[in-house]
Amino acid sequence: MDDETRRLVEADLAAVRPFTEIASRHGVGYVDVALVHHRMRPQPVAWPEAVPPELWNAAKAALRREDHRQTWIEMTFDPVPFDIDRAVLELWSAGGTSSRMAAEILDVPPGDLPALAGRLGIPFTRSDA
């Protein structure tokens, strides 16, 4: 989602519009609206609405993944680097984290990690991949 769309979604959330209405108005998914709401500070009141269980479950899963990702980054790096992707790939390449965890944090299949590291010019030093 681009910055302009995010600002429009935030304005609609502040106006207490239903998530599904916001999603359809701006051509984004319900999960995207839920993630924007989750990141807003102060967090606006959520508008009660009947949401299909599959959308609600997808939104909860996305929020859990985002919270897990942010927690892992903050616990792994001090200070948090500007280029998270590069830092995670460098850590993975040196054997400092598993392929599964690096792929989860970068939201890519584990098999794509060597190619991503190569495109960023990160030397590949792992012996187990």
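Residues numbered from 1 in each chain as written. Predicted model: local features only at pLDDT ≥ 70, side-chain atom pairs only at ≥ 80, totals over all residues. Heavy atoms only, no water.

S.K.: Hey, could you run me through the packing of helix α3 (residues 30–39) against helix α4 (residues 53–76) in this one?
M.R.: When two helices pack together, their arrangement is captured by the angle between the axes and the distance separating the axes. Between α3 and α4, whose axes approach to 9 Å, the crossing angle comes to 45°. Comparing the axis directions of α3 and α4 gives the class oblique. You can see that α3 and α4 cross each other, and the crossing is right-handed. Contacts between α3 and α4 involve Tyr-30, Val-31, Ala-34, Leu-35, His-38 and Arg-39 from the first element and Leu-55, Trp-56, Ala-58, Ala-59, Ala-62, Leu-63, Glu-66 and Asp-67 from the second. Partitioning the contact of α3 with α4 into residue classes produces 10 nonpolar, one polar and three charged. (Axes fitted to C-alpha atoms, helices over the stretch in contact; angles between N-to-C directions. Helix = DSSP H or I, 4+ residues; strand = E, 2+ residues; numbered from the N terminus. Parallel < 35°, antiparallel > 145°, perpendicular 65-115°, else oblique. Left-handed = near helix turned anticlockwise from the far one by under 90°. Contact = heavy atoms within 4.5 Å. Nonpolar A, V, L, I, M, F, W, Y, C, P; charged D, E, K, R; others polar.)

S.K.: Can you walk me through the packing of α4 against helix α6 (residues 99–106) in this structure?
M.R.: Interaxial distance between α4 and α6 falls to 9 Å at its minimum, and their mutual angle equals 120°. As α4 packs across α6, the resulting crossing turns out to be left-handed. Of the residues in α6, those touching α4 at His-68, Arg-69, Trp-72 and Ile-73 are Met-101, Glu-104 and Ile-105. Looking at the contact of α4 with α6 residue by residue, the classes come out as four nonpolar, one polar and two charged.

S.K.: Which parts of the structure should I look at to understand the layout of surface pockets?
M.R.: Put simply, the largest pocket is a space of about 250 Å³. Together, Leu-35, Ala-62, Arg-65, Glu-66, His-68, Arg-69, Glu-104, Ile-105, Leu-106 and Asp-107 line the largest pocket. For the lining of the largest pocket, the elements supplying multiple residues, two or more each, are α4 and α6. Sorting elements by how many residues they give to the lining of the largest pocket places α4 first, with five residues. A breakdown of the residues in the lining of the largest pocket according to their chemical character gives four nonpolar, one polar and five charged. (1 Å grid on protein atoms, 1.4 Å probe; cavity = no way out; pocket = protein on both sides within 12 Å on 5 of 7 lines; lining within 4 Å. Points joined across faces, edges and corners; volume = space filled by probe spheres on them.)

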